[in-house]
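Residue-level structural notes
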Amino acid sequence: MIKPASSLLNKIANRPIIIWGARMTGMGLTRLLSSHTCKILGFVDSDVSLKDKEVCGLKVYSPASLTHLAEQFPDLVIVIAVSIKEQEIQHQIVDMGLSQLDVEVYSDYCESFYTVDIMGSCNLKCPSCAHGAVTGKYSQGRMSEKNFKSVIDKIINDNEVVSHVSLYSWGEPFMHKHLPDFIRYLHEHNIAVALSSNLSIDNDELLSEVIRLSPEYLKVSLSGFFPKAYNRTHTGGDINLVKSNLYRLKYLIDKFKSKTYVDVNYHLYKDNNGQNVKLMQALCDELGFSMSKTYSLIMPLERCMSHLEGKSDEKTKALDKSLLVSVEEGVEATKAFRSSSCPFRENQINVNWDLSVPVCCTVFDAPGTTVASNFLNVTTEDINNAKRKASICSKCIKYGLPAYNMGFNRQRWDEIANTKISLDLQ
């Protein structure tokens, strides 16, 4: 049962607040709270790439700082603002001996987090992504301005509170000429904006206009510092153009005094995790951007399940050999974290460029993965009921893929990766 958002605002009004989660959900909550009488001290996040950074003009503290903050502010309240891993964070707070603190979970007050994939195509064909894996024809296009506004209006009307919307899923949002208009429309409704891009885009005018509008979050996906490593796994891209655009981003952020938080999301493979990582980290440090490292997965979900069933095609077999942690190893590493529930299904709603609604963000275009053909014609209850009946969900949960996709038990993933021989292409 979703609680009224007004009750959360009443509980935290005029109290010192720490938001646990400095990425998009936390950024959206910050934008929401800024229009109310709230005293936000900053963020807490266990991601080392965020340590001592500023997000939305607020400092990001490590979890260890909570003890001191609790002593300094006896009336402190922690609001957990993440779209997944809420229970893990709650356990961490208890393990730190801070169970006496007042803790609120934002998703208890916000029924759904939304992703609107404004582009149904991408300029790259990465082997670990649907656009690089799918053979044959599939639905491609871009969302019209009219449909976008109708989608956002419906989201607002269907929910008591909407604090953020992500404008990406499988597509490349910087290929959409109306991206600035979409950002502007969301900000006019006090909704924070998340973007993700490969940044292998030669469009300085669009990049400049987007940064001037100060979207809250921009994730840059890449997989190497040197061309040979990058080109193999971000196929069709140009790492030199990406690096040039990273410098351009820094210039534009300084020029427009933009608060856009840039997170370079580095995909780890066997051939790019040595000197490639060190040099990209040095570049990010120079520019003041964070760099988060993630183990590459086989995507989309239906492809991953086929692999586990022994039905891999040649592309998937080759990709699996290049992973630092194979699918089987990742599933085994997260075995203890399996659950009968799935946050991808239960608190997220994705809208494709053509208004269709997939069961979650990890599926692509396979039969049985669409729960509504037109988002504008269904209710949230309709969507959730259809998700509960989707056969792919029971199979996914059976294999333990929600925990695998969330990368639980990172320590074990690191241990597995450290046993692999790396080539480090340059």
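Going by the structure above, here's the rest.
A brief structural summary. (Residues numbered from 1 in each chain as written. Predicted model: local features only at pLDDT ≥ 70, side-chain atom pairs only at ≥ 80, totals over all residues. Heavy atoms only, no water.)

Re the side chain of Ser 121
Here Ser 121 lies in the loop between strand E7 (113-116) and helix H5 (130-133). Classification of Ser 121 as buried rests on a relative accessible area of 12%. For Ser 121, the contacting residues outside a window of four places in its chain are His 131, Gln 140, Gly 141, Gly 171, Glu 172 and Met 175. (Helix = DSSP H or I, 4+ residues; strand = E, 2+ residues; numbered from the N terminus. Buried < 20%, exposed > 50% of the residue type's maximum accessible area, 1.4 Å probe, protein only. Contact = heavy atoms within 4.5 Å.)

As for empty space enclosed by the protein
Evaluated as defined, the whole model comprises two cavities of 30 Å³ or more. The space that makes up the largest cavity amounts to roughly 90 Å³. Lining the largest cavity are 13 residues, and of these Leu 301, Cys 342, Cys 360, Cys 393 and Cys 396 lie nearest its centre. Contributing elements (two or more residues each) for the lining of the largest cavity: helix H15 (343-346), helix H17 (391-399) and helix H18 (401-406). Element by element, the count of residues in the lining of the largest cavity is highest for H17, at four residues. Of the residues that constitute the lining of the largest cavity, the class distribution is ten nonpolar, two polar and one charged. There is about 40 Å³ of room inside the second largest cavity. Lining the second largest cavity are Phe 174, Leu 199, Ile 201, Asn 203, Leu 206, Leu 207 and Asn 245. Its residues assigned to classes, the lining of the second largest cavity comprises five nonpolar, two polar and no charged. (1 Å grid on protein atoms, 1.4 Å probe; cavity = no way out; pocket = protein on both sides within 12 Å on 5 of 7 lines; lining within 4 Å. Points joined across faces, edges and corners; volume = space filled by probe spheres on them. Nonpolar A, V, L, I, M, F, W, Y, C, P; charged D, E, K, R; others polar.)

Details of the nonpolar core
Val 116, Phe 148, Leu 167, Leu 246, Leu 249 and Met 280 are the most contacted members of the largest nonpolar core, which totals 103 residues. If you tally residues by element for this core, the top one is helix H10 (residues 239-256), at six residues. Beyond its immediate chain neighbours, meaning those up to four positions away, Phe 148 contacts Val 116, Ile 118, Met 143, Leu 167, Phe 182, Tyr 185 and Leu 186. Counting 31 residues, the second largest nonpolar core, distinct from the first, contains Leu 8, Leu 50, Cys 110 and Tyr 168. (Core = buried A, V, L, I, M, F, W, Y, C linked by side-chain atoms within 4.5 Å.)

Some points on the sheet that holds strand E13 (residues 348-351)
Paired through their backbone hydrogen bonds, the strands of a sheet run either parallel or antiparallel. If you walk across this open sheet you meet the seven strands as E12-E11-E10-E9-E8-E7-E13, and the pairing is parallel. Two strands lie at the open edges of the sheet, namely strand E12 (290-295) and E13, each paired on one side alone. On average, each strand axis in the sheet is inclined to that of its neighbour by 25°, with strand direction left out of account. Across three bridges, the pairing between strand E8 (residues 164-166) and strand E9 (residues 192-197) is parallel. Considered in E9, the bridge of Val 165 is made with Val 193. Packing against the sheet, helix H6 (residues 145-158) makes contact with E7 and E13, and its axis sits at approximately 175° to E7. Packed onto the sheet, helix H19 (residues 410-417) meets strand E11 (261-268) and E12 and runs at close to 75° relative to E12. (Pairing = 2+ DSSP bridges. Axes fitted to C-alpha atoms, helices over the stretch in contact; angles between N-to-C directions.)

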